[in-house]
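Spelled out, the chains give:
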Amino acid sequence: MSKHARIITIPRPELEKMQAFLDGKGDGSLNTIETYTVKFDDHGEGDVQIDVKVCDGDTPFVDVVMFQDGSEVSCLEPDDTLAGKYVFQTVLKDTYIVLVGDSFPGTVCEDCGNTEFYGRQKCRMDVIVDGDNNWLRNTPNDDSACYDSESPYGPYRCTECGKEIEEMARYT
Ligand SMILES: [Zn+2]
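Every value quoted in this text rests on a predicted model; they were computed, and no experiment measured them.

Caption draft 1: Just the sheet that holds strand S4 (residues 61-68), in detail. In space, the four strands of this open sheet follow the order S2-S3-S4-S5, with antiparallel pairing throughout. For this open sheet the edge positions go to strand S2 (32-40) and strand S5 (71-75), each flanked by a neighbour on one side alone. Pairwise comparison of adjacent strand axes, ignoring direction, gives a mean angle of 30 degrees for this sheet. Pairing of S2 with strand S3 (residues 48-55) involves eight bridges; the strand directions are antiparallel. In the sheet register, Phe40 faces S3, and the bridge partner there is Val48. The strands touched by helix H1 (residues 12-23) are S2, S3 and S4; relative to S3, the strand with the most contacts, the crossing angle is about 60 degrees.

Okay, structure coming up:
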């Protein structure tokens, strides 16, 4: 039971064009306008592929389909917004996550899709000293005692799955 994530980055002009199409009326024909595909490594459940498709229909919609070893195994409820997070769970209870957008606010954990990380940060803090200026102990509430902090730095570690990340990267 683990999580796997992939990112589909679509340039903003294309994403806006697709969304404008989705917001439109469509012509009633059942056509696939565009397909965005991501493949996952085999995690003991065969080769997993997820297609995010922009489709025409009575009204245009986003069709998200999961394949295992080339066979369609599952699909999500039709969506009307292309950018977003799509989540599948297989019978073996692994979770497959696809994030779609034109850019992501910094790093996304490629193993689980999480966007929070443990980092390191230098900060100055209030402490309790004795009359000879020797440190005795931290003040009772370390959170509020910390001030004048510098920018956090790595290595970073995903707070969900523990994956180590050397540098924060931007997926653009
Ligand atoms: Zn993670």
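Alright, that's what it looks like, and here's the rest.
Caption draft 2: Inspection of the environment of Glu164 at higher detail. Among the secondary structure elements, Glu164 is positioned in strand S14 (residues 164-165). Distance in space between the C-alpha atoms of Glu164 and Thr139 is 31 Å, their sequence separation being 25 residues. Sequence-distant contacts of Glu164, that is, excluding residues within four places in its chain, are made with Pro155 and Arg157.

Caption draft 3: Looking closely at the environment of Gly131. Its place among the elements puts Gly131 in the loop between strand S10 (127-129) and strand S11 (135-138). The spacing of Gly131 and Thr95 is 36 residues in sequence and 57 Å in space, taken between C-alpha atoms.

Caption draft 4: Quick look at the domain arrangement of the protein. Taken domain by domain, the protein comprises domain 1 (3-103) and domain 2 (109-172). With centres defined by C-alpha atoms, the gap from domain 1 to domain 2 works out at 36 Å. Across the contact, eight residues belong to domain 1 and eight residues belong to domain 2. Breaking the side of domain 1 that touches domain 2 down by element, the ones donating at least two residues are strand S1 (3-9) and strand S7 (95-101). Examining the composition of the side of domain 1 that touches domain 2, we find that five residues originate from one element, S1, more than from any other. Residues belonging to the side of domain 1 that touches domain 2 are distributed by class as follows: four nonpolar, three polar and one charged.

Caption draft 5: Inspection of the sheet that holds strand S8 (residues 117-120) at higher detail. An order of S8-S13-S14 is seen for the three strands of this open sheet, with the pairing classed as antiparallel. Edge positions in the sheet fall to S8 and S14, since each has one partner strand and no second. Of the strand pairs in this sheet, S8 and strand S13 (residues 153-158) are connected by three bridges, and their pairing is antiparallel. Bridge pairing in S13 places Tyr118 opposite Arg157.

Cut-offs and rules
Residues numbered from 1 in each chain as written. Predicted model: local features only at pLDDT ≥ 70, side-chain atom pairs only at ≥ 80, totals over all residues. Pairing = 2+ DSSP bridges. Helix = DSSP H or I, 4+ residues; strand = E, 2+ residues; numbered from the N terminus. Axes fitted to C-alpha atoms, helices over the stretch in contact; angles between N-to-C directions. Contact = placed C-beta atoms within 7 Å. Domains from an automatic or database assignment. Nonpolar A, V, L, I, M, F, W, Y, C, P; charged D, E, K, R; others polar.

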